[in-house]
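Read off the chains here:
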Amino acid sequence: MSQTIAVWKCPAGHVMGQVRRNGRGIRQLLLYRQAIDLDWNEEDGMEEVDILAVVEGQVMNVRCSICERVRTWAPGKESERRRGGRREGAKPW
Ligand SMILES: [Zn+2]
């Protein structure tokens, strides 16, 4: 599969969730109920984690459940760029 799933870590390196793109190319954060320490194998751990929330298109402060550091989730610029730049490319002539 070509879909890449990136982990989203707190400033201390605990895995707080994962980032993926939905079908429209918009980034989503899948937030885990419980942060995971680094010795985590992506393939083994994937099915065991509990997804607390799916965050999309909003800025949000997330606190790590292990060390309580806060990281700000920002959905990225892709969605804005799509909205602004779409029309010209769609010209039929
Ligand atoms: Zn942490």
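Residues numbered from 1 in each chain as written. Predicted model: local features only at pLDDT ≥ 70, side-chain atom pairs only at ≥ 80, totals over all residues.

Draft legend 1. Broad picture of the overall build of the protein. Each helix and strand counted, the protein has two helices and six strands in total. The linear arrangement of helices and strands in the protein, starting from the amino end, is β-β-β-α-β-β-β-α. Counting the 93 residues in the protein, one finds 10% classified as buried. Long-range contacts, defined here as pairs at least 24 residues apart, represent 38% of the contacts in the protein between residues at least 6 apart. (Helix = DSSP H or I, 4+ residues; strand = E, 2+ residues; numbered from the N terminus. Buried ≥ 20, exposed ≤ 12 C-beta atoms within 10 Å, placed from the backbone. Contact = placed C-beta atoms within 7 Å.)

Draft legend 2. Region of the structure containing the sheet that holds strand E1 (residues 6-9). Reading across the sheet, the four strands line up as E1-E2-E3-E4 and stay open at both edges, with antiparallel pairing between neighbours. Taken across any chain shown, the strands that pair with only one partner, and hence form the sheet edges, are E1 and strand E4 (51-56). Each strand of the sheet is rotated relative to its neighbour by a mean of 30 degrees, with strand direction disregarded. In this sheet, E4 lies alongside strand E3 (residues 27-36) in antiparallel orientation, the contact comprising five bridges. Bridged to Leu 30 within E4 is Val 54. (Pairing = 2+ DSSP bridges. Axes fitted to C-alpha atoms, helices over the stretch in contact; angles between N-to-C directions.)

Draft legend 3. Local environment of unusual backbone geometry. The phi angle at Glu 68 is positive, at roughly 70 degrees, despite the residue not being glycine. Locating Glu 68 in the fold gives a position in the loop between strand E5 (60-63) and strand E6 (70-73).

Draft legend 4. Looking closely at the environment of Val 49. Here Val 49 lies in the loop between helix H1 (42-45) and E4. What makes Val 49 partly exposed here is the crowd of 17 C-beta atoms within 10 Å. Put simply, Val 49 and Ala 35 are 14 residues apart on the chain and 9.2 Å apart in space, counted from C-alpha to C-alpha. When neighbours within four sequence positions are excluded, Val 49 is seen to be in contact with Tyr 32 and Ile 36.

Draft legend 5. Main features of the pairing of E3. Bridging between strand E2 (residues 15-21) and E3 involves six bridges; their strand directions are antiparallel. Among the inter-strand pairings, Gln 18 is bridged to a residue of E3, identified as Leu 30. Hairpin connection between E2 and E3: a loop of five residues separates the two successive antiparallel strands, and Gly 25 in this loop has a positive phi of roughly 80 degrees.

Draft legend 6. Spatial organisation of the environment of Gly 13. Along the chain, the position of Gly 13 falls in the loop between E1 and E2. Since 14 C-beta atoms lie within 10 Å of it, Gly 13 is described here as partly exposed. Separated by 54 residues in the primary sequence, Gly 13 and Cys 67 place their C-alpha atoms 9.7 Å from one another.

Draft legend 7. Local environment of the pairing of E5. Direction of pairing for E5 relative to E6: antiparallel, over a ladder of four bridges. Bridge pairing in E6 links Arg 63 to Val 70. Between E5 and the antiparallel strand that follows it, E6, lie six residues; Glu 68 among them carries a positive phi value of about 70 degrees.

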